[in-house]
Each structure stands twice: as structure tokens, then as C-alpha cells.
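# Structural features, examined
Now for the letters of each chain:
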Amino acid sequence: MPFLPAPGDRVLARFAQLFAGLALFGVSIALIVRAELGVMPWTVLEQGLTRSVGLSLGLWSVLIGAVLLALSMRLGLRPGMGTLANIVLVGVVIDATLALLPPLENLPLRIGALILGIALNGVATGAYIGAGLGPGPRDGLVTSIATRTGRSLRLIRTLVEVGVIVVGVILGGQLGVGTVVFALVIGPLMHFFVPLLDLRTKK
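In this report, the structure presented in the accompanying data block is examined.

About the criteria used
Residues numbered from 1 in each chain as written. Predicted model: local features only at pLDDT ≥ 70, side-chain atom pairs only at ≥ 80, totals over all residues. Heavy atoms only, no water. Phe/Tyr/Trp six-rings, centres within 6.5 Å; stacked < 30°, edge-to-face > 60°. Helix = DSSP H or I, 4+ residues; strand = E, 2+ residues; numbered from the N terminus. Buried < 20%, exposed > 50% of the residue type's maximum accessible area, 1.4 Å probe, protein only. Lys NZ or Arg CZ within 6 Å of the ring centre and 35° of its normal. Expected span 1.5 Å × (residues − 1). Bend = angle between axes of the 7 residues up to and from the residue. Contact = heavy atoms within 4.5 Å. Salt bridge = Lys/Arg side-chain N within 4 Å of Asp/Glu carboxyl O.

On to the packing of aromatic side chains, then. For the structure on display, the rule yields three aromatic pairs. On the numbers, 5.8 Å between centres and 85° between planes, the contact of phenylalanine 25 with tyrosine 128 is edge-to-face. Placement of the pair is phenylalanine 25 in helix H1 (residues 11–35) and tyrosine 128 in helix H5 (residues 107–130), with a sequence separation of 103 residues. Across this residue pair, the class does not change: phenylalanine 25 and tyrosine 128 are buried. When the ring of phenylalanine 192 is compared with that of phenylalanine 193, the centres are 4.9 Å apart and the planes differ by 85°; the resulting orientation is edge-to-face. Taking NZ or CZ as reference, arginine 138 lies 5.5 Å from the ring centre of tryptophan 42, over its face.

Below, the discussion takes up helix H8 (residues 177–196). With 20 residues, H8 ought to run about 28 Å at 1.5 Å a step, and its terminal C-alpha atoms sit 28 Å apart, in line with that. The axis of H8 is deflected most strongly, by about 35°, at valine 185, and proline proline 188 appears within four residues downstream. The complete set of buried residues in H8 reads Gly178, Thr179, Phe182, Ile186, Leu189, Phe193 and Val194. In this structure, the buried residues of H8 make contact with H1, helix H2 (41–52), H5 and helix H7 (153–171).

Under the defined criterion, the tally for this structure stands at two salt bridges. Notably, a salt bridge pairs arginine 138 with glutamate 46, separated by 2.9 Å at the nearest N-O pair. Highlighted residues: arginine 138 in helix H6 (residues 137–149) and glutamate 46 in helix H2, separated in sequence by 92 residues. Look at arginine 138 and you get buried, because its relative accessible area is 16%. For the salt bridge of arginine 157 with glutamate 161, the shortest nitrogen-to-oxygen distance reads 3.0 Å. Of this pair, arginine 157 and glutamate 161 are both found in helix H7, four residues apart, which corresponds to roughly one turn of the helix. On the basis of relative accessible area, arginine 157 is assigned to the partly exposed category, the value being 30%.

Structure representation (C-alpha cells):
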């Protein structure tokens, strides 16, 4: 069954890292939002929907994740427990952190929140991917499209995220320097943290 880890795996350690990584991922998104210097590509869309339609940022994260999971499964994705946990937990943590973290008035604090948020996002991504319990719905969509079309992951991810940003900006999402910095930095961060936190390669 795709939702359960294979027997013999270090199940408890992998689940602990999964949930810690997803919680940290939600916190990192909230920090980037509070910085108000531009948000991550998918958050641009979620923010735009929040501003134009209503509902909270976290709830839109959950709803979009559910839709993407359904699309990915039609394209052949085999989701894991981590995929389902990603959809729910990240959105809940985003809303909880935004409720606890007040708006930041001071520019140095906002810059610090942006830097910290991006750094934590790299760690969190490495943690939940390294748990090996299923891709997030957004990553799952990209890999499913790439597999179905035979195109490169880089091309598909770029096209998807550019499209998401365009729609999000039209709806009122915030595109800024933080969006650009995130796009430039997240790749190297993932390159470092995913192997470092990959429990599948550790005995």
C-alpha cells in the first residue's frame, strides 16, 4: 500500500522527522509572509486568493494541496503518508504562526524574518523529503507532469511556478525581492539539506 512505509524501515524516526519538517515548513512560510518583501511562488497564489476571495492563507494551502493531489493521482502519482500530512499540517501551522506572530514594522526585522524563513524552509524541505514518506502535493504535481510528458523537472517546475505567480499577482498576491531571493537560494539549500537529512540512506 502506497500510504504505509515498507517494513523494516526506521518508522518512528522517519515519522518524527516528517512531522517536524512539515511544522517547520509552515513556520518558514509564515515568517516570509510577515516579512512583506515578497513570498514564495505558491504563496503568491494563496495570498492572492485570500485577498480576492477570502478564507485564510493556511486554508487555501490545504485546499490547493488537495486539488493538486487529485490531479497528480490522475497522472499516476502514488502518494505517501507524507503527502497527506503535508496537505493538512502545513496549512494549519501557517495560520497558527501568523496568529501568534504580529506584523513587523521595522525593516531590519522584516529582512531578518525573510532570511530566517528562507533558511528554515531549506531545512524543512530537507527534513520532510528525507523522511521518504511521500512528496508534497506541489512537488508531486511537477514530477507527475514531467513523467507523463517526458520533459525535464526543471522545465516543468519553472512553467508551473511562473504560471502560479502570474495568477497570484493578478489576484493580489505579493511578488517582491523575497520571491526572487527564494527562487535563487532554495535550490542550493535543498542540495545541502536533502542528502544530510535523508534517513533512507542511513542505517
